[in-house]
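Report on the structure
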Amino acid sequence: MPDGKAPIRILLADDHALVRRGVRLILDGEPDLEVVAEAGDGAEAIAMVRTHTVDLAVLDVAMPRMTGLQAARELSALRPDLRILMLTMYDNEQYFFEALKAGACGYVLKSVADRDLVDACRAAMRGESFLYPGAVTALIRNYLDRARNGDEVSDRILTAREEEILKLVAEGHSSKEIAETLVISVKTVQRHRANLLHKLGLRDRLELTRYAIRAGLIEP
């Protein structure tokens, strides 16, 4: 790597070996990306994440035994810090919304994978979402429909407890100190902290602190 950083370690899951080979060629052709594990279905993908050091999982939506969507839900719970991208041939709003609910931070169509996938991987590792244009349109339409129908469109991302913990983390308190302040276990604090990083797409305490300042939870 030119800047000395290790490449992004990727798990690639698709039930078609030919598709995996093609996608691997795209990813391994980039100096900052490296496919370190492959899986043929969702269950295999979960097993691979347990045994390999992986930063990013690229999952096909439709796979036998366990779909990519099911695997994404399991992986989000197992490794809240793991970035997940869905790779699919389906330009389908339902799959798209299910992917977001499952914890995916991007949705890439196979038909344009050679154009979009590399950018999507890099965006995911920066903590950003990657959506193809049709998905963005669907997201906006869904938001407007819910607002028009009087459904609650919540701007609140974090729960009250998560806000408490974010504030204390940003103020520099250790997990032990936070646990004592809130009368909860250190393990619970650590779980909340991992959930915060995953939910907000952030990497560390510094980024959490910046977020807390922007959200008005602490003074700069």
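One structure accompanies this document, and this report is about it. (Residues numbered from 1 in each chain as written. Predicted model: local features only at pLDDT ≥ 70, side-chain atom pairs only at ≥ 80, totals over all residues. Heavy atoms only, no water.)

**Observations concerning the pattern of salt bridges**
Going through the model one piece at a time under the given rule, you end up with 18 salt bridges. The shortest N-O distance in the salt bridge between aspartate 28 and arginine 24 comes to 3.0 Å. One end of the pair is aspartate 28 and the other is arginine 24, both in helix H1 (residues 17–28) and four residues apart, which spans about a single turn. On the basis of relative accessibility, which here comes to 35%, the residue aspartate 28 falls in the partly exposed class. Beyond isolated ion pairs, a larger network of salt bridges with shared partners links Arg20, Arg24, Asp28 and Glu38. (Salt bridge = Lys/Arg side-chain N within 4 Å of Asp/Glu carboxyl O. Helix = DSSP H or I, 4+ residues; strand = E, 2+ residues; numbered from the N terminus. Buried < 20%, exposed > 50% of the residue type's maximum accessible area, 1.4 Å probe, protein only.)

**Observations concerning the packing of helix H9 (residues 186–200) against helix H10 (residues 205–214)**
Relative to each other, H9 and H10 sit at 70°, their axes nearing to 11 Å. When the axes of H9 and H10 are compared, the pair comes out roughly perpendicular. Considering only the axes of H9 and H10, their crossing is left-handed. When H9 is examined against H10, the residues Arg193, Leu196, Leu197 and Leu200 are found in contact with a partner set consisting of Arg205, Leu208 and Tyr211. Residues belonging to the contact of H9 with H10 are distributed by class as follows: five nonpolar, no polar and two charged. (Axes fitted to C-alpha atoms, helices over the stretch in contact; angles between N-to-C directions. Parallel < 35°, antiparallel > 145°, perpendicular 65-115°, else oblique. Left-handed = near helix turned anticlockwise from the far one by under 90°. Contact = heavy atoms within 4.5 Å. Nonpolar A, V, L, I, M, F, W, Y, C, P; charged D, E, K, R; others polar.)

**Considering the pairing of strand S3 (residues 56–60)**
Among the five residues in S3, five count as buried, and that is most of the element. Here S3 shows a buried face lined by Leu56, Val58 and Asp60 and a second buried face lined by Ala57 and Leu59. Here four bridges tie strand S1 (residues 8–13) to S3, and the two strands are oriented parallel to one another. Opposite leucine 11, over in S3, you have alanine 57 as the bridge partner. Inspection of the sheet shows S3 paired to strand S4 (residues 83–88) by five bridges, in the parallel sense. (Pairing = 2+ DSSP bridges.)

**Let's talk about the packing of helix H2 (residues 42–51) against helix H3 (residues 68–78)**
The interhelical angle for the contact between H2 and H3, taken along N-to-C directions, is 20°, at an axis separation of 9 Å. What the angle tells us is that H2 and H3 run roughly parallel. The handedness of the crossing between H2 and H3 comes out as right-handed. Across from Gly42, Ile46, Val49 and Arg50 in H2, the residues of H3 making contact are Ala71, Glu74, Leu75 and Leu78. Counted by class, the contact of H2 with H3 contains five nonpolar, one polar and two charged residues.

**A closer look at the sheet that holds S4**
In space, the six strands of this open sheet follow the order S2-S1-S3-S4-S5-S6, with parallel pairing throughout. Each end of this open sheet is capped by a strand with a single partner; those strands are strand S2 (33–39) and strand S6 (130–131). Helix H5 (residues 113–125) rests against S1, S2, S3, S4, strand S5 (106–109) and S6 of the sheet, and its axis sits at about 165° to S4.

**Notes on H9**
In this model, H9 (15 residues) spans 21 Å end to end at C-alpha, consistent with the 21 Å of a helix rising 1.5 Å per residue. Regarding H9, the residues found buried are Thr188, Val189, His192, Leu196, Leu197 and Leu200. Against the buried residues of H9 lie helix H7 (160–170), helix H8 (175–182) and H10. Where H9 ends, the next residue or the one after it, glycine 201, has phi of about 65°, a positive value. (Expected span 1.5 Å × (residues − 1).)

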